[in-house]
Amino acid sequence: MAGSVQFDLVSPERRLASVAASEVQIPGADGDLTAMEGHAPTITTLRPGILKAVSSEGTKSYVVTGGFAEISAGGVSVLAERAVPVEEANAALFDALLSEAREAAAVTEDKDAAEKLIADMMALRAAVGQ
Amino acid sequence: MPSLKDLKNRIGSVKNTRKITKAMQMVAAAKLRRAQEAAEAARPYAERMNAVMAGLAASVGSSASAPRLLAGTGSDKVHLLVVMTAERGLCGGFNSSIARLARAHANELLAAGKTVKILTVGKKGREQLKRDLANHFVGHVDLSEVKRVGYANAQTIARDLLGRFEAGEFDVATIFYNRFQSVISQIPTAQQVIPAKFEGGGASALYDYEPSEEAILADLLPRGVATQVFAALLENGASEQGARMSAMDNATRNAGDMINKLTIQYNRSRQAAITKELIEIISGAEAL
């Protein structure tokens, strides 16, 4: 088995995961990336998407929105403004996220970014199957 | 000299008071534990956030293109004080100590010729500052309906702050809250959130940045404000319960002392009444 990296997922309210993972798939703002042992130190912001961590206990998926991921020699830490295990994600959550995004889109000047955010949310929702 | 009946009533009412303060103390103790856990759970996020932003700020901060949230507006004429207090009283000096610090700060700024605006969070602080600083109030955040402070509350406050900053309503924002030290000690703290200030920082490892450093920083700074507000809210929550717990502990003990004193007084006057009656009977019998 390949080497592992220390993976931490924290939201402002709690620490969701802290395991040794063999790979972590991160929905980066500029595209998805997978972090494995020996990855170059990177900091990337997140887009709304699904974060997957593969460890000896199996693969865990989380719905994350907003925040950033820090890949360093010590491990991968993901700081997400909102992070929910996929199993717990439900229609109500997505409704709340979408309405929030739309509200933000209504006031922001950067329409492109706001529309991308909404599109990301829709894609995320479709991916989870809600 | 109060009559026996009065004393008895008095003892009864103090006993009831003691029951109430005791119950409040126990409730506060339970809530304190939860508040401390919440503050504990929020710490890793805040710490990492701070570390990464400090590293970014160190490398981007000096350039002319630095975001306004970091570099400031270039002046410091208008100060916004965000005063965070509790929604409820009966927690010792908790609210007054924040109000005192904020008032001192405001007066200092006013003396220096700056404009002061005040945003209050929690109604107790508002009540205390209303007397002399009411004309500086620009807004109020009511958290009385909130049972458990969540990140969403902090986001709302942060969004309000950022909106005002964008609109050019102030140059510098400072939050006032009580930092939780222990049950008997809470430290009133003033912390500048806009423009952002970082402790330590500097030497960060060499990272690849996706997208650019500036873009990440611009994305993170507003989140950083929310994180700091959230941390302050949680610290404040724990401090409030700690302060209430020790205040109610004191009150319970005082009530106990008072009951003892009143009981002794009650027994003394009862004994005096009995003695008096006896003397009356004896001297009556002797007179015959």
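Per an unreviewed UniProt entry, the recorded name for chain B is ATP synthase gamma chain, and the organism is Paragemmobacter kunshanensis. According to its UniProt record, chain B has this under Sequence similarities (unreviewed entry): "Belongs to the ATPase gamma chain family."

Per an unreviewed UniProt entry, the recorded name for chain A is ATP synthase epsilon chain, and the organism is Paragemmobacter kunshanensis. UniProt annotates chain A under Sequence similarities (unreviewed entry) with the comment "Belongs to the ATPase epsilon chain family."

Moving on, we come to the environment of Glu23 of chain A. Residue and element names in this part refer to chain A. Here Glu23 is to be found in strand β2 (residues 15–28). Overall, the relative accessible area of 22% leaves Glu23 in the partly exposed class. For the pair formed by Glu23 and Ala35, sequence separation is 12 residues and the distance between their alpha carbons is 5.7 Å. Leaving out residues up to four positions away in the same chain, Glu23 has contacts with Thr34, Ala35, Met36, Lys52, Ala53 and Val54. In this structure the side chain of Glu23 is engaged in a polar contact, spanning 3.2 Å, whose partner is the side chain of Gln25.

Now for the interface of chain A and chain B. The interface is formed by 26 residues belonging to chain A together with 22 residues belonging to chain B. Taking both sides of the interface into account, the surface hidden between chain A and chain B amounts to around 2,200 Å²; carbon and sulfur atoms contribute 58%. Considering only the surface of chain A that becomes buried against chain B, Pro12, Ile43 and Glu81 of chain A emerge as the three largest contributors, covering 29% of it. For the pair chain A and chain B, the interface holds 2 salt bridges. Our enumeration of links across chain A and chain B arrives at 8 residue pairs in polar contact (both at pLDDT 80 or more). Residue assignment for the side of chain A that touches chain B shows that the elements contributing at least two residues are β4 (42–45), β6 (58–72) and β7 (75–85) of chain A. Broken down by element, the residue count for the side of chain A that touches chain B peaks at 6 residues, all from β6 of chain A. Looking at chain direction, β4 of chain A and strand β6 (residues 208–210) of chain B are connected through 3 bridges and run parallel. Its bridge partner lying in β6 of chain B, Thr42 of chain A is registered against Asp208 of chain B.

It is worth spelling out the packing of helix α3 (residues 94–111) of chain B against helix α4 (residues 123–133) of chain B at this point. Residue and element names in this part refer to chain B. Relative orientation of the contacting elements α3 and α4 amounts to 35 degrees, with a least axis distance of 9 Å. When you trace α3 past α4, the crossing you get is right-handed. Side by side, α3 and α4 meet where Asn95, Ser96, Ala99, Arg103, Ala106, Asn107 and Leu110 of the first sit next to Lys124, Gln128, Leu129, Asp132 and Leu133 of the second. Counted by class, the contact of α3 with α4 contains 5 nonpolar, 4 polar and 3 charged residues.

Before going further, it helps to examine α4 of chain B. Residue and element names in this part refer to chain B. When α4 is considered as a whole, its buried residues turn out to be Gly125, Leu129 and Leu133. Looking down the long axis of α4, one finds its buried residues gathered within 25 degrees of arc, a one-sided arrangement. Buried-residue contacts for α4 involve β1 (78–84), α3, β2 (115–121) and β3 (137–141).

A general trend in soluble globular proteins is that nonpolar side chains are found buried together. Counting 51 residues, the largest nonpolar core has Val82, Met84, Val121, Ile194, Leu220, Val229 and Leu233 of chain B as its most contacted members. Of all the elements in the fold, those that place two or more residues in this core are α1 (4–60), α2 (68–71), β1, β2, α5 (151–166), β4 (172–182), β5 (185–194) and α6 (213–287) of chain B. Examining the composition of this core, we find that 11 residues originate from one element, α6 of chain B, more than from any other. Non-local contacts of Ile194 of chain B, meaning those with residues more than four positions away in its chain, are made with Leu69, Leu162, Phe165, Phe170, Asp171, Val172, Ala173 and Val225 of chain B. Leu16, Ala35, Ala69 and Val78 of chain A belong to the second largest nonpolar core, which has 21 residues in total.

Residues and elements named next belong to chain B. Structurally, Glu87 is set in the loop between β1 and α3. One buried charged residue, Glu87, remains without a salt bridge, the closest side chain of opposite sign being Lys123 at 5.0 Å. Polar contacts involving the side chain of Glu87 include one to the main-chain amide nitrogen of Lys123, which spans 3.3 Å. Here Ser144 takes part through its backbone nitrogen, which lies 3.4 Å from a polar atom of the side chain of Glu87. Excluding anything up to four places from it in sequence, Glu87 contacts Gly122, Lys123, Lys124, Val141, Asp142, Leu143 and Ser144.

With numbering matched to this structure, UniProt assigns "domain: ATP synthase F1 complex delta/epsilon subunit N-terminal" (unreviewed entry) to residues 6–83 of chain A. Annotated as 0% helix and 77% strand, the span residues 6–83 of chain A places its first and last C-alpha atoms 18 Å apart.

About the thresholds
- Residues numbered from 1 in each chain as written.
- Chains lettered and ligands numbered in written order.
- Predicted model: local features only at pLDDT ≥ 70, side-chain atom pairs only at ≥ 80, totals over all residues.
- Heavy atoms only, no water.
- UniProt positions renumbered as here; feature names shortened; annotations may be inferred.
- Helix = DSSP H or I, 4+ residues; strand = E, 2+ residues; numbered from the N terminus.
- Buried < 20%, exposed > 50% of the residue type's maximum accessible area, 1.4 Å probe, protein only.
- Contact = heavy atoms within 4.5 Å.
- Polar contact = N/O pair within 3.5 Å; in protein donor to acceptor, adjacent residues only side chain to side chain.
- Buried area = accessible area lost by both parts, 1.4 Å probe.
- Salt bridge = Lys/Arg side-chain N within 4 Å of Asp/Glu carboxyl O.
- Pairing = 2+ DSSP bridges.
- Axes fitted to C-alpha atoms, helices over the stretch in contact; angles between N-to-C directions.
- Left-handed = near helix turned anticlockwise from the far one by under 90°.
- Nonpolar A, V, L, I, M, F, W, Y, C, P; charged D, E, K, R; others polar.
- Arc of directions from axis to C-beta.
- Core = buried A, V, L, I, M, F, W, Y, C linked by side-chain atoms within 4.5 Å.
- Lys, Arg positive; Asp, Glu negative; His and termini not counted.

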